[in-house]
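Geometric and topological summary
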Amino acid sequence: QVQLVESGGGLVQAGGSLRLSCAASGRAFSSATMGWFRQAPGKEREFVVAISGSGGNTRYADSVKGRFTISRDNAKNTVYLQMNSLKPEDTAVYYCAADPRLLAALTTTSGVPYWGKGTLVTVSS
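Topic: the overall build of the protein chain
In terms of helices and strands, the protein chain carries zero helices and 11 strands. In terms of C-alpha radius of gyration, the protein chain reaches 13 Å, essentially the compact-globule figure of 14 Å for 125 residues. Summarising its shape, the C-alpha atoms of the protein chain cover approximately 40 × 30 × 25 Å along the three principal directions. Within the protein chain, contacts between residues at least 6 apart in sequence are counted, and of these 58% link residues at least 24 apart. For the protein chain, the exposed area adds up to about 6300 Å²; of that, 48% sits on carbon and sulfur atoms.

Rendered as structure tokens:
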């Protein structure tokens with residue numbers, strides 16, 4: 001069982017930066033693929049980025065490549081999302097996700113067993 005709690009959301013101007021954190025509980029954290037998804041008003045939840053259990057492999061959505069960076073600290077049971085050059089279209093609730101399957105499985109919402117409650121990111125123009 002894994003429980004996830006996100007933090008770090010807020011209001012930022014376009015071009016600014018935010019760092020989201022996701023604190024996980026549970027002994028399975030270091031072996032779990034971790035990821036971030038987001039859901040804008042009126043839209044479906046979409047994949048943003050995922051990282052393997054070791055941290056050695058990552059996968060990004062095209063819309064955030066070069067601007068967002070995911071990392072994890074297994075000693076602290078925490079995964080981070082550094083978001084730079086934010087755009088108004090990045091406005092959404094950001095959800096942390098954990099999955100015991102391999103990295104490729106965490107690029108869709110299908111079958112993902114563990115979700116946080118989300119943190120709101122608002123980017124003003």
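Here we look at the state of the cysteines
Taken as a whole and judged by the stated rule, the model has one disulfide. Across the disulfide from Cys22 sits Cys96; the S-S distance is 2.1 Å. In this structure, the disulfide formed by Cys22 and Cys96 twists by about -85 degrees around the S-S bond and is classed as left-handed. Of this pair, Cys22 sits in strand 3 (residues 18–25) while Cys96 sits in strand 9 (residues 92–99), and the two are 74 residues apart along the sequence. Accessibility classification places Cys22 together with Cys96 in one group, the buried group.

A word on the nonpolar core
In terms of nonpolar packing, the biggest core is built from 36 residues, with Met34, Trp36, Leu81, Met83 and Tyr94 touching the most fellow members. Those elements that provide at least two residues to this core are strand 3, strand 4 (33–39), strand 5 (46–51), strand 7 (68–73), strand 8 (78–83), strand 9 and strand 11 (119–124).

Topic: unusual backbone geometry
With glycine set apart, most residues show a phi of negative sign, and most peptide bonds adopt trans. The phi dihedral of Asn77 is positive, around 55 degrees, even though this residue is not glycine. For Asn77, the location among the structural elements is in the loop between strand 7 and strand 8. A residue is classified by how much of its surface remains accessible, and Asn77, at 22% relative accessible area, is partly exposed. The phi angle at Ser85 is positive, at roughly 50 degrees, despite the residue not being glycine.

Notes on the packing of aromatic side chains
Going through the model one piece at a time under the given rule, you end up with two aromatic pairs. Positioned over the ring face of Trp115 is Arg45, at 4.7 Å from the centre of the ring. Above the face of the Phe29 ring, Arg72 is positioned so that its terminal group lies 4.6 Å from the ring centre.

With respect to the sheet that holds strand 7
Spatially, four strands are ordered 1-3-8-7 in an open sheet, and the strand pairing comes out antiparallel. Every other strand in the sheet has two partners, leaving strand 1 (3–7) and strand 7 as the edge strands with one partner each. With strand direction ignored, the average angle separating the axes of adjacent strands in the sheet is 15 degrees. In this sheet, strand 3 lies alongside strand 1 in antiparallel orientation, the contact comprising five bridges. When the sheet's bridge partners are listed, Ser7 is paired in strand 3 with Ser21.

The rules behind each value
Throughout, a residue's number is its position along its own chain's written sequence, starting from 1. Where local features are concerned, this predicted model is filtered to residues with pLDDT of at least 70; where side-chain atom pairs are given and counted, the filter is 80 or more; whole-chain, interface and lining totals use all residues. The side-chain numbers reported here are obtained from all heavy atoms of the structure, hydrogens and water having been left aside. Each helix is a run of DSSP H or I of at least 4 residues and each strand a run of E of at least 2, with the numbering of both proceeding from the N terminus. The globule rule used here is 2.2 Å times the number of residues to the 0.38 power, and the radius of gyration it is set against is calculated over C-alpha atoms. Any pair of residues with heavy atoms lying within 4.5 Å of one another is described as a contacting pair. Accessible surface is estimated by sampling points in the Shrake-Rupley manner with a 1.4 Å probe; for residues, cover comes only from the protein chains shown. Note on disulfides: each one is a pair of cysteine sulfur atoms within 2.5 Å. Only protein chains enter the area calculation, which uses a 1.4 Å probe; residues under 20% of their type maximum are buried, those over 50% are exposed, and those in between are partly exposed. Residue types Ala, Val, Leu, Ile, Met, Phe, Trp, Tyr and Cys, when buried and joined through side-chain atoms within 4.5 Å, form a set referred to as a nonpolar core. Side-chain rings of Phe, Tyr and Trp (the six-membered ring for Trp) are treated as a pair once their centres are within 6.5 Å; stacked means planes under 30 degrees apart, edge-to-face means over 60, and tilted covers the remaining angles. A ring is considered to have a charge above it if a Lys NZ or an Arg CZ atom is located within 6 Å of its centre and within 35 degrees of its normal. By the convention used here, strands pair only if DSSP detects at least 2 bridges between them. Here an angle of 0 to 180 degrees is reported between the N-to-C directions of two axes, which are lines fitted to C-alpha atoms, with helices fitted over the stretch in contact.

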